[in-house]
Amino acid sequence: MRIRRVVTASALTVVLLAGCSGPADEDSPSVPPLVSMSTAPNSETPSPTPSVTPSETPSETSKVADTLCVRMDPTFVQTTLAVPVANIQPKAPPAELGIPTYDVCQFALSASPNGPVLRVGVSVLPATKAMLAATQKAYAAHPREPALPAKVGQGGYGTSTFLVFLLGGKMYKLSGPQATLAKYVALGQEVVRQAPGLPDAERLITRPECDRGTAAAEKVLGAPAMARRDGQTLLGDPVCGWMTSTSVVSTSVRRERDAKALMAPIRKLATSQSIPLGDEGYVDTATGRTTIRVGDDKIVDLVPLPARAINPDLMTQFALAMSPVYTR
C-alpha cells in the first residue's frame, strides 16, 4: 500500500505518529468462523470405529495441528463424512486468527484442488470454560444455524458444519462440509483419542517481514504479544498475527476482481475515517478495522479483535509500519 503524496494537515499528524486481522469476512480472525448443522446427534448411525493411532511422525517444521492430523485416522474421516478421499494436505494453511487463534491442518476431501476440506484446529494459547462460553455466545449473536451443545471432551457446541470443544486446557475446532452434528461429534471423539501427548505449540511462528509491525501491533493490543502466528496465503501474500489471551491484531490480503467496487460501502460508512495509504484507505472508528485498496485487485485488511473503538492514530501507525510488506 503506497502512501499518497497529497495529505491534509490532520492526516500528516496521523502519519507522523507511530501505528492487524484475519482473512475473509468480519468473523475471520474473531470467534470461530463456524458453520451450521441440522440433525440432532442421536439421529445418526454410529460411525465405524477408528483404527489405532498411526506411527507416522510429522516433520520438524509442522505445527501442532499438523501433528494432530497425522495422528487422526484418514479412513475414519473419509467414512464418517462419506467422502471420496481424506488426504492430509502437506502444506499447512495460515493460522485461523481469532479469539482463540487456532493452528490449523486440513484433510482434502476430494481430488479437486478446490474441493471441500476438513479443517482441524488447536488453540495456540491455553483456553478455559469461560472462553468456550464466550465464543459460543459470540457465535449465537450472528448464527448461520443454531448451535447445539455437544458432549465432547470437557464440553462444546456445534452445528452440521463445525464443532468446537474444550479439552485439557485447549480449544479444538473442526469445520468442513455439510454433514450432521453427530458426525462432527464422532470426529471430535477421534481428536480426543489422538490428542494425548501432543506437544505444546510454539508460541512464536514468525516471518521477518511481519516483524516490522510488532511495536505498533502491541500498541493496538495494549500489551506485549503472548504469541505470534505469521504465514502466507496460497498466492504468497503474507499473513501476520499478534495475540494475547484476550485480543488479536492481524494483517491479511484479499485478491478481488473489482477491489474498487468492494470499497464503496466502506467509503460510505459514517464511521469511516480516510487515511493516506494505498489508492484509498479507511479506519472504521467504531470497530478499528482498517481497509486499504492497492490497485484494482488487492485489498489489505488490518483487523483488531475484539472489534472496538480504537484511536484511529494507532491503526494508522500500524498500517504505516506494515505498508511496505504489501506494496512489493
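This report concerns the structure included in the present document. Nothing here was measured: the structure is a model prediction, and the numbers come from that model.

**Considering the overall build of the chain**
A count of helical and extended segments in the chain gives nine helices and 16 strands. Across the 328 residues that make up the chain, the buried fraction comes to 53%.

**So, the state of the cysteines**
Counted according to the given criterion, the structure contains two disulfides. The partner cysteine of C69 in its disulfide is C105, sulfur to sulfur 1.6 Å. Note on the C69 and C105 pair: the S-S dihedral is about 80 degrees, so by sign convention the disulfide is right-handed. In this pair, C69 is assigned in helix α2 (residues 64-71) and C105 in strand β2 (residues 102-108), connecting sequence segments 36 residues apart. Assigned by exposure class, C69 and C105 land together as buried. Here C210 pairs with C240 through a disulfide, and the sulfurs are 2.0 Å apart. With the S-S dihedral at roughly -65 degrees, the linkage between C210 and C240 falls on the left-handed side.

**Considerations on unusual backbone geometry**
One can expect most non-glycine residues to show negative phi and most peptide bonds to be in trans. Residue I99 is joined to P100 through a cis peptide bond whose omega torsion reads 0 degrees. Tracing the sequence through the fold places P100 in the loop between β1 (87-88) and β2. In this model, L305 is joined to P306 through a cis peptide bond whose omega is 0 degrees. Position of P306 relative to the elements: it lies in the loop between β16 (298-305) and α9 (312-322). Even without a glycine there, the phi angle at A82 is positive, about 55 degrees.

**Re the packing of aromatic side chains**
All chains considered together, the criterion is met by four aromatic pairs. Judged by centre distance (5.4 Å) and plane angle (15 degrees), the ring pair of F165 and Y172 falls under stacked. Like Y172, F165 is buried. Measuring from ring centre to ring centre gives 5.5 Å for W242 and F318, while their planes differ by 80 degrees; the resulting arrangement is edge-to-face. Taken as a pair, W242 in strand β11 (residues 238-243) and F318 in helix α9 lie far apart in primary sequence, 76 residues in all. A relative accessible area of 0% places W242 in the buried class. Of the residues examined, F318 reaches a relative accessible area of 0% and is grouped as buried. Members of the aromatic cluster, joined through ring pairs, are Y139, Y157 and F162.

**Some details on the pattern of salt bridges**
As enumerated under the stated definition, the model contains 12 salt bridges in all. The residue R228 makes a salt bridge to D230 at a minimum N-O spacing of 2.6 Å. Using a relative accessible area of 7% as the deciding quantity, one classes R228 as buried. Judged by its relative accessible area of 9%, D230 falls in the buried class.

**Re the nonpolar core**
In terms of nonpolar packing, the biggest core is built from 30 residues, with V77, F107, L118, V120, L163, Y172 and L174 touching the most fellow members. With six residues, the single largest contributor to this core is helix α5 (residues 181-194).

**Side note on the side chain of S175**
Looking at the secondary structure, you find S175 in strand β7 (residues 170-175). For S175, the residues in contact, after removing those within four places along its chain, are V117, L118, R119, T161, F162 and Y184.

**Observations regarding the environment of S272**
The residue S272 is located in strand β13 (residues 272-275) in this model. In the structure, S272 is positioned 14 residues away from A286 in sequence and 8.3 Å away in space, judged by C-alpha atoms. In this structure S272 touches I266, Y282, V283 and D284, once residues within four positions along its chain are discounted. Within polar-contact distance, the side chain of S272 engages the backbone oxygen of I266 at 2.6 Å.

**Notes on the pairing of strand β6 (residues 162-167)**
Burial runs high along β6: six of the six residues are buried. Examined bridge by bridge, strand β5 (residues 156-158) and β6 share three bridges and lie antiparallel to one another. Opposite Y157, over in β6, you have V164 as the bridge partner. Counted along the chain from β5 to the antiparallel partner β6, the turn is three residues long. For β6 and β7, the ladder comprises six bridges, and the chain directions are antiparallel. Bridge pairing in β7 links F162 to S175. The antiparallel hairpin formed by β6 and β7 contains two residues in its connecting segment, where G168 sits at a positive phi of about 55 degrees.

Conventions and cut-offs
Residues numbered from 1 in each chain as written. Predicted model: local features only at pLDDT ≥ 70, side-chain atom pairs only at ≥ 80, totals over all residues. Heavy atoms only, no water. Helix = DSSP H or I, 4+ residues; strand = E, 2+ residues; numbered from the N terminus. Buried < 20%, exposed > 50% of the residue type's maximum accessible area, 1.4 Å probe, protein only. Disulfide = S-S within 2.5 Å. Phe/Tyr/Trp six-rings, centres within 6.5 Å; stacked < 30°, edge-to-face > 60°. Salt bridge = Lys/Arg side-chain N within 4 Å of Asp/Glu carboxyl O. Core = buried A, V, L, I, M, F, W, Y, C linked by side-chain atoms within 4.5 Å. Contact = heavy atoms within 4.5 Å. Polar contact = N/O pair within 3.5 Å; in protein donor to acceptor, adjacent residues only side chain to side chain. Pairing = 2+ DSSP bridges.

These figures capture arrangement, not role.
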